[in-house]
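Residue-level listing of the chains:
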Amino acid sequence: TRLIPTLGFIVGLEGIDCDHDEDNVNAQNRLQMLLCQFVQVISNSFAAPVTLFLDDLQWADSASIAAVNQLLLGGGLNSQDVHFFFLGCY
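Since this is a predicted model, take the numbers as computed values, not measurements.

Re the overall build of the protein chain
Part 1 of the argument: Each helix and strand in the protein chain was counted, giving three helices and two strands.
Part 2 of the argument: Each helix and strand of the protein chain, ordered N terminal to C terminal, gives the series α-α-β-α-β.
Part 3 of the argument: If you take every contact in the protein chain between residues at least 6 apart in sequence, the share linking residues at least 24 apart comes to 72%.
Part 4 of the argument: Looking at the protein chain as shown, the accessible area adds up to about 6,400 Å², and 57% of this sits on carbon and sulfur atoms.

Here it is as structure tokens:
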């Protein structure tokens, strides 16, 4: 929420204090969690599927691949109520 202050309001984290002096690993994990929550909120809000298209994945760094893995495998998008489509290309 430091990068995008209104994101906390969108995903329901308003009023939660974050330590802005934390290390990079914790900041990356929190950003991945917020990405997952954001996609879940947006996907639940529309009847049509939300599509995330990522091209040139061969150039993605390890942090970006970790974020995509978290989103697809551990982000709570397994519910039948979530309308989300991911397309990744090399």
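Digging into the environment of F85
Part 1 of the argument: With respect to the element layout, F85 can be found in strand β2 (residues 84-88).
Part 2 of the argument: For the pair F85 and V50, spaced 35 residues apart in sequence, the C-alpha to C-alpha distance is 6.0 Å.

Considerations on the side chain of S43
Part 1 of the argument: Positionally, S43 belongs in helix α2 (residues 24-45).
Part 2 of the argument: Within the local environment of S43, its side chain forms a polar contact with the backbone oxygen of V39, the two atoms lying 2.7 Å apart.
Part 3 of the argument: When sequence neighbours within four positions are dropped, the list of residues in contact with S43 reads V50, V82, H83 and F84.

What to know about unusual backbone geometry
Part 1 of the argument: With a phi angle near 60 degrees, D56 is a residue other than glycine that sits in the positive phi range.
Part 2 of the argument: Here D56 lies in the loop between β1 (50-54) and α3 (62-74).
Part 3 of the argument: Of the residues examined, D56 reaches a relative accessible area of 39% and is grouped as partly exposed.

What about the environment of L71?
Part 1 of the argument: As for its placement among the helices and strands, L71 is situated in helix α3.
Part 2 of the argument: Separated by 39 residues in the primary sequence, L71 and Q32 place their C-alpha atoms 7.5 Å from one another.

Notes on the confidence of the model for the protein chain
Part 1 of the argument: In this model, the protein chain carries a mean pLDDT of 78, and residues with pLDDT of at least 70 account for 68%.
Part 2 of the argument: Model confidence for the protein chain, summarised as mean pLDDT per element, is weakest for helix α1 (residues 7-11) at 65 and strongest for β1 at 90.

The rules behind these values
- Residues numbered from 1 in each chain as written.
- Predicted model: local features only at pLDDT ≥ 70, side-chain atom pairs only at ≥ 80, totals over all residues.
- Heavy atoms only, no water.
- Helix = DSSP H or I, 4+ residues; strand = E, 2+ residues; numbered from the N terminus.
- Contact = heavy atoms within 4.5 Å.
- Areas by Shrake-Rupley, 256 points an atom, 1.4 Å probe, with all protein chains shown as cover.
- Polar contact = N/O pair within 3.5 Å; in protein donor to acceptor, adjacent residues only side chain to side chain.
- Buried < 20%, exposed > 50% of the residue type's maximum accessible area, 1.4 Å probe, protein only.
- pLDDT = per-residue confidence, 0-100.

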